[in-house]
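The residues making up each chain are set out below.
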Amino acid sequence: MRILMIEDDAALARGIAALLRAGGHAVDHVATGRDALAVVAGEPYAVVILDVGLPDIDGFTVLARLRERGDRVPVLMLTARDALDDRVRGLDLGADDYLRKPFEPEELEARVRALGRRRGGDPLPVLGVGTLTINRSSGEAKVGDRTLDLRRRERTVLEALATRAGRVVPRELLIGEVFGFDEPVGGNAIEVHVTRLRGKLAPDGPEIRTVRGVGYMLDAG
Amino acid sequence: MPGDTRTPALRTRLLVAMVGPLLLAAVVIGLVGATLIADVVRRTSDRVLGGALGAIAETVQVERGEVTLDLPAAAFGMLENGERDNVYYRIAVGGELLTGYADLSAPDPATLAVDVPRYRFARYRDQDIRIAEVRRALPRIDRPVVIQIAETLDNRRALNRRLMIALLIGECVLVGAAALLLRPALGWSLRPLARLRGAVEARDERARPDFSPLEAGPLPSELRPLAQAFDRLLAQLDSATGGVRRFTADASHQMRTPLSVLKVQVALARRGSGGERAEALDEIAEAVTRLERLVTQLLALARAEEAGVSAPLEAVDLREVAGAVITRLFAQAMEAGVELTLEGDERPVVPGHRTLIFEILSNLIDNGIRYNRRGGTVSVRLAVVDTATLMIVADDGPGIPAGHRDAAFERFVRLGAAGSPEGSGLGLAIVRSAAARLNATVELEDAERGTVVVVRFPSA
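None of the values given here were measured: they were computed from a predicted structure. Position labels on residues start from 1 in each chain and follow its written sequence. To read the labels, note that chains go from A and ligands from 1, taken in the order they are written. Where totals are concerned, whole chains, interfaces and linings use all residues; where local detail is concerned, this predicted model gives features only for residues with pLDDT of at least 70, and gives and counts side-chain atom pairs only at 80 or more.

Engineer: Whenever I open this one, the overall build of chain B confuses me. Can you help?
Structural biologist: Secondary structure assignment for chain B yields nine helices and 14 strands. Every C-beta atom is placed from the backbone, and the number of other C-beta atoms within 10 Å of a residue's own sets its class: buried at 20 or more, exposed at 12 or fewer, partly exposed in between. When the 460 residues of chain B are sorted by exposure, 25% land in the buried category. The long-range fraction of contacts in chain B, counting pairs at least 24 apart against all pairs at least 6 apart in sequence, stands at 64%. Elements are defined by DSSP. Helices are runs of H or I of four residues or more, strands are runs of E of two residues or more, and each kind is numbered from the N terminus. A pair of residues counts as a contact when their C-beta atoms, built from backbone coordinates, are separated by no more than 7 Å.

Listed below in structure tokens is the structure:
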């Protein structure tokens with residue numbers, strides 16, 4: 001999943017980014033509310049992590065502006081404040097979830113995954129496409145009883161295709177969802193991952209079809 | 001004082017203060033009343049006795065050169081009463097008994113005015129008696145005619161006793177009623193006090209301390225100052241605890257971010273291996289340093305806010321303190337590539353507390369090092385001008401824009417965009433608190449570059 005993190009504390013931002021990247025997500029980081037509003041419109045983020053205390057405009061305002069624009073991206077608020085009012089206010093402004101600092105890293109990861117699933121419109125943790133099953137909580141993918149040995153990126157690509165099984169996923173959208181904007185994307189970056197995935201899914205798994213000039217599609221089986 | 005047995009209860013006080021004087025008044029009224037009653041009884045009884053005397057005296061006539069009289073029954077009827085007093089009389093002409101009781105005490109006729117009755121007490125037959133006597137001058141009789149009538153005193157005494165008893169009963173009822181009514185009256189008077197107490201006690205029961213003014217309803221004018229004093233005390237407590245509350249809230253708020261960093265990095269260190277783990281450990285070390293500094297500064301702030309309240313001022317050699325601070329921060333400055341200098345050769349001494357001045361300088365120089373460029377300097381200058389002693393700390397950093405200078409002194413306010421050095425936002429707040437304790441002022445001044453902080457100690 002591609003995640004946008006808005007956090008002004010550099011050390012915490014580094015930590016959260018490392019944590020989420022290790023979980024196979026592509027993470028973009030901005031430190032101010034203004035940057036966040038500029039960036040979020042152009043990219044297909046699956047989840048936004050938003051700190052309430054920002055140096056320029058606070059998290060509540062960022063959230064309110066996002067929702068005013070009609071942006072439906074799932075937002076997880078992070079705050080150092082205890083007050084119930086704050087939590088209620090955040091949720092009422094259109095936040096999807098709320099986490100108080102200091103948080104448990106496992107909880108942050110789980111909440112981000114849950115928000116990502118909801119974004120796809122399917123909250124089930126296990127995704128099934130024909131003989132392929134993907135556990136979106138543990139990241140484990142199987143074809144029948146055979147566990148696939150997937151690299152981080154491959155898992156992200158497979159998940160992006162599997163949530164839209166039977167539909168064509170444009171190449172640009174796939175790149176947007178898989179790579180953060182500070183990651184170098186080679187001309188055939190996606191092709192490399194797709195080719196490897198095909199090898200790992202064969203022979204009994206669903207097939208990934210190339211729609212020339214457009215993108216890819218995972219057979220619904 | 002609670003439990004002080006030497007201070008009597010309010011009820012006892014009022015009882016003593018009211019019933020005591022009331023008793024005294026009763027005694028005085030009793031004494032005056034007794035005198036008045038005795039007087040009134042004597043006068044009224046004398047009037048009756050005088051009436052009888054007059055009735056007899058009128059019947060005394062001269063008939064053929066002889067004094068005669070006709071004792072009227074009505075005269076004795078007047079003197080009849082429930083006590084069956086004895087009545088005696090004596091009529092004498094020139095000391096010779098005409099009729100009556102011969103041994104009744106006879107007056108010297110020369111002392112008696114004509115037709116003016118005189119009254120006196122006397123003893124007769126072992127009894128106290130009251131005698132009314134009058135002298136009459138009759139035509140052609142040259143000897144004085146003295147008419148006397150007397151009665152025993154039983155009726156007078158009985159009358160006197162009855163009136164005195166009535167008076168005493170009245171007084172007892174008055175004093176008793178006052179003493180009895182005191183309790184309910186006191187309860188009624190003290191009810192606003194009880195209400196006030198209720199309003200105070202209600203505060204105890206609330207989970208969160210409430211320092212808003214008491215709601216005891218309308219109070220009598222005597223209690224209003226007490227309630228107002230209490231409200232003022234509450235307001236003071238409110239601002240004091242408010243400060244502490246804000247401080248702890250701010251402090252805990254400020255600790256949550258480095259704590260989050262720690263949790264995340266610990267998780268990463270557990271999962272990762274080799275290089276990832278080393279990286280996480282570096283991050284952990286940095287977060288711990290940050291927390292440590294935050295805690296140190298919070299303590300310094302707490303110290304600055306409470307220190308110096310009672311300790312007497314001492315003479316502080318600013319140059320010595322500046323030297324000590326620079327020595328301590330030298331290594332940190334070297335690491336940051338910043339030069340520390342102490343300029344001028346004046347050696348001003350100000351009244352103050354060395355610890356607080358040390359704290360002020362430490363924070364200012366520390367800020368100067370943190371928000372500086374490599375190769376920059378932090379200079380400390382000491383100067384004495386007409387009205388004040390100045391301690392000026394200047395750096396080569398980015399400076400603080402004029403519009404943000406007030407905010408810079410607020411707790412936990414960190415200026416500058418993300419990516420600027422990690423600070424707690426407490427430094428200038430500590431400086432301001434400590435300076436306030438020393439009656440010194442702290443100002444940020446305009447400079448061509450960098451930040452210039454001027455601490456001004458007023459001349460004594």
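Engineer: Hey, could you run me through the interface of chain B and chain A in this one?
Structural biologist: A common way to state how big an interface is: give the accessible area lost once the parts meet. Between chain B and chain A, the residue contacts involve 18 residues of the former and 21 residues of the latter. Elements supplying a minimum of two residues to the side of chain B that touches chain A: helix H4 (224-271) and helix H5 (275-306) of chain B. Here the side of chain B that touches chain A gets twelve residues from one element, more than from any other, and that element is H4(B). In this classification, Asp, Glu, Lys and Arg are treated as charged, Ala, Val, Leu, Ile, Met, Phe, Trp, Tyr, Cys and Pro as nonpolar, and every other residue, Gly included, as polar. Considering only residue class, the side of chain B that touches chain A consists of eight nonpolar, five polar and five charged.

Engineer: For this particular structure, what's the right way to read the confidence of the model for chain B?
Structural biologist: Interpretation of the predicted coordinates at a detailed level should be avoided for regions scoring low in pLDDT. Per-residue confidence for chain B gives a mean pLDDT of 83; residues scoring 70 or more make up 91%. Averaged over each element, pLDDT in chain B is lowest for helix H8 (residues 405-408) of chain B (70) and highest for strand S5 (residues 118-124) of chain B (93). On a range of 0 to 100, pLDDT expresses the predictor's confidence in each residue.

Engineer: I'm lost on the pairing of strand S14 (residues 452-458) of chain B in this one. Help?
Structural biologist: Working note: regular strand, side chains alternate between the two faces of the sheet. Residues and elements named next belong to chain B. A pair of strands counts as paired when DSSP detects no fewer than two bridges linking them. Sheet analysis places strand S12 (residues 388-395) next to S14, joined by seven bridges and oriented antiparallel. Bridging across to S14, Ala388 finds its partner in Pro458. Across five bridges, the pairing between strand S13 (residues 441-445) and S14 is antiparallel. In the sheet register, Glu443 faces S14, and the bridge partner there is Val454.

Engineer: Looking at this model, I keep getting lost on the sheet that holds strand S4 (residues 96-100) of chain B. Mind explaining?
Structural biologist: The strands that make up a sheet are held in pairs by hydrogen bonds between backbone atoms, and each pair lies either parallel or antiparallel. Residues and elements named next belong to chain B. Strand order across the open sheet formed by five strands is S4-S3-S7-S6-S5, with antiparallel pairing between neighbours. What marks the edges here is a single partner per strand, and that holds for S4 and S5. Along the sheet, successive strands turn relative to each other by an average axial angle of 25°, direction set aside. With eight bridges connecting them, strand S6 (residues 127-136) and strand S7 (residues 145-152) associate as antiparallel partners. If you follow Arg130 over to S7, its bridge partner there is Glu151. Lines are fitted to the C-alpha atoms to define the axes, a helix being fitted only along its stretch in contact, and any angle between axes, read from their N-to-C directions, falls within 0 to 180 degrees.

Engineer: What is the right way to read the confidence of the model for chain A from this model?
Structural biologist: For chain A, the average pLDDT comes to 86, and 98% of its residues sit at 70 or higher. Confidence, expressed as mean pLDDT per element, reaches its minimum in chain A at helix H4 (residues 84-92) of chain A with 82 and its maximum at strand S3 (residues 47-51) of chain A with 93.

Engineer: In this structure, what is going on with the packing of helix H6 (residues 318-336) of chain B against helix H7 (residues 354-370) of chain B? I would like to understand it.
Structural biologist: Two quantities define a packed helix pair, namely the angle between the helix axes and the distance between the axes. Residue and element names in this part refer to chain B. As a packed pair, H6 and H7 sit with axes 9 Å apart at the nearest point and diverge in direction by 30°. When the axis of H6 is compared with that of H7, the two are roughly parallel. Helix-helix and strand crossings are classified by hand; for H6 and H7 the assignment is right-handed. Along its contact with H6, which presents Leu318, Val321, Ala322, Ala324, Val325, Ile326, Leu329, Gln332, Ala333 and Ala336, the element H7 presents Arg354, Ile357, Phe358, Leu361, Ser362, Ile365, Asp366 and Ile369. Note on angle classes: values under 35 degrees are labelled roughly parallel, values over 145 roughly antiparallel, values of 65 to 115 roughly perpendicular, and the remainder oblique. Here a crossing is called left-handed whenever its near helix is offset anticlockwise from the far helix by less than a right angle, and right-handed whenever the offset is clockwise.

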